[in-house]
There are 2 protein chains.
Amino acid sequence: MFRYKVTLAYDGTLFSGFQRQPHKRTVEGVLFSKINLMAKNPKPAIIVYGSGRTDAGVHALGQVFHFDFPFDLDERSMYKALNSILPLDMEVLKVEKVSEKFHARYDVSGKRYLYRLDLGEFKDPFKRNYTGHWKYPFDLKKVQTALDDLIGEHDFTSFVASGSEAKSNIRTIYQAKAWVDKAKNELLIEFYGNGFLYNQVRIMVGVAIEIGSGTRPVHDVLRLFKIKDRTQARRTMAASGLYLKHVYYEGDDPKHPTKLPKRQR
Amino acid sequence: MFRYKVTLAYDGTLFSGFQRQPHKRTVEGVLFSKINLMAKNPKPAIIVYGSGRTDAGVHALGQVFHFDFPFDLDERSMYKALNSILPLDMEVLKVEKVSEKFHARYDVSGKRYLYRLDLGEFKDPFKRNYTGHWKYPFDLKKVQTALDDLIGEHDFTSFVASGSEAKSNIRTIYQAKAWVDKAKNELLIEFYGNGFLYNQVRIMVGVAIEIGSGTRPVHDVLRLFKIKDRTQARRTMAASGLYLKHVYYEGDDPKHPTKLPKRQR
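Criteria and cut-off values
Residues numbered from 1 in each chain as written. Chains lettered and ligands numbered in written order. Predicted model: local features only at pLDDT ≥ 70, side-chain atom pairs only at ≥ 80, totals over all residues. pLDDT = per-residue confidence, 0-100. Least-squares fit on C-alpha atoms with pLDDT ≥ 70 in both. Contact = placed C-beta atoms within 7 Å. Domains from an automatic or database assignment. Nonpolar A, V, L, I, M, F, W, Y, C, P; charged D, E, K, R; others polar. Helix = DSSP H or I, 4+ residues; strand = E, 2+ residues; numbered from the N terminus. Buried ≥ 20, exposed ≤ 12 C-beta atoms within 10 Å, placed from the backbone. Pairing = 2+ DSSP bridges.

Trainee: What is the right way to read the confidence of the model for chain A from this model?
Mentor: A residue-level look at chain A finds 98% of positions with pLDDT of 70 or above and a mean pLDDT of 95. Model confidence for the complex is summarised by a pTM of 0.91, with the ipTM given as 0.88.

Trainee: Mind showing me how you'd approach the relation of the copies chain B and chain A here?
Mentor: Both copies of the chain are related by one operation, a rotation about an axis with a shift along it. By a simple turn and slide, chain B fits onto chain A: the slide is 0.0 Å along the axis, the RMSD is 0.0 Å, and the turn is 180 degrees. Taken together, these values place the two copies in the relation of a two-fold axis. Most of the interface of chain B is mirrored in chain A, where 100% of its interface residues are also at the interface.

Trainee: Hey, could you run me through the domain arrangement of chain A in this one?
Mentor: A common way to report how large an interface is uses the accessible area buried once the components associate. Residue and element names in this part refer to chain A. When its domains are assigned, chain A resolves into domain 1 (2–98) and domain 2 (109–264). Computed over C-alpha atoms only, the centres of domain 1 and domain 2 are separated by 27 Å. At the junction of the two partners, domain 1 supplies 13 residues and domain 2 supplies 9 residues. For the side of domain 1 that touches domain 2, the per-class residue count stands at 5 nonpolar, 7 polar and 1 charged.

Trainee: Help me understand the environment of Asp72(A) in this model?
Mentor: Residues and elements named next belong to chain A. Inspection of the secondary structure assignment puts Asp 72 in the loop between strand E3 (59–69) and helix H2 (75–85). A tally of 10 C-beta atoms within 10 Å means that Asp 72 is categorised as exposed. With 139 residues separating them along the chain, Asp 72 and Ile 211 place their C-alpha atoms 53 Å apart.

Trainee: Got a minute to help me understand the pairing of strand E5 (residues 108–118) of chain B in this structure?
Mentor: Note on strand geometry: in a regular strand, side chains alternate between the two faces of the sheet. Residues and elements named next belong to chain B. Across the 11 residues that make up E5, a large majority, 9, are buried. Two elements, E5 and strand E10 (residues 242–249), share 7 bridges in a ladder whose sense is antiparallel. Each residue of the ladder has a partner; that of Leu 114, found in E10, is Tyr 243. With 8 bridges joining them, E5 and strand E9 (residues 186–193) adopt antiparallel strand pairing.

Trainee: Explanation requested: the interface of chain B and chain A in the structure shown.
Mentor: On the chain A side, the residues contacting the 14 residues of chain B number 15 residues. For the side of chain B that touches chain A, the secondary-structure elements that each account for two or more residues are strand E1 (2–10) and strand E4 (90–98) of chain B. Classifying every residue of the side of chain B that touches chain A gives 7 nonpolar, 1 polar and 6 charged.

Written as structure tokens, this is what we have:
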């Protein structure tokens, strides 16, 4: 068997999220059926291991998965084969042959997410599936203050959706920054951390933009860390604005080389 | 009755073109039903007059239509009312109250179209509905030479799809230019003329890119003008790359103020 690490972009609009589910079109489900088809449907079937899930409607600019293939294709051939067989809302960006020690999920050391908020009075028809929407005035400095408060190791219990199966809600955010793209009329917010809980990014963006718009106190993040109450950060921003931008593996980033301790996953 | 001129953007992906048709979701059909709903379904019904049709999958950055409304709303109120009632793949950009002499179709003096060609080896999943695709090498100068040959008043019989109902195939192209957006990895081609025939832009883009890629002689446009044969320009580029960018009305552009002569429409 030969192990392949694949970097994948997808438009999440028409997928019911990443994880395979019966009778639903999911990213993992499509990858599973197409890769097994390429390998002539072996028994047992080839399993696809993603770096983690994304929700329905969430996009990926650089999701990563691995699988073991029975035939020895070079990287370029596998790249072309996958892009030829996969549907048009997916694109393989990179294929690497890796050792059997590499695991797309267990070896993750960090993830980078981007959130795009369209700022028009009404939604731009070309962006309706690719951005969230915020039509109220806000102070970019206050948004950044909220993000600065989120940086570091914290218990993110107030920022996780019910339904999370994580053992611990402690995560570390390395970077969090906000900027405005005037030409696109968008607020962009990017997070880099060692791992994110269920809906955490969408909830953090909701809190940050509410702080920026003045409907929450400037340092409300610090209060939310203390009270550990899921019901206080009510706004979960739309899935359509969220992009999994990059998955880091052990050693990829010398500044943040190690993965989340096992007890926290 | 009060006449409104409306500038409209739409994502053409989920529309069966502009023109109203039974049992199909069309731009005109949606406008017709929503505007009549706003006016409490008067009899006779309010008619929507577009500047012209766009095909299934073709987008608009600045389509124009007019209609007569029984109630006297100011421009800002009509703008908000329309954007609140129309679906998310449409956005009203501008509302103007105009005299009853204005006609969105009969007074057109010119149209500007944009074509976007994605140049990646495989289609970008985020652009699949918003660009055409060209993965072969080409010479931008040759593309521009082809466009230069298209400029002026010509008989475009070789560049019209069968099914056109135009009385004459003579049209004038004022401007035609091609450029590459390296950041987006796209070839962009823009046309401005006094009117365009059925599928004319998509066929012209096909001929221009074939000339650019060397599969047609550099001045093949001149031969196509002469032979007046619809079967020679075979490639009609995908609807997904085409945008109606701007509609000009008599007087809007001092350089090209007049409309297409009636005998040519």
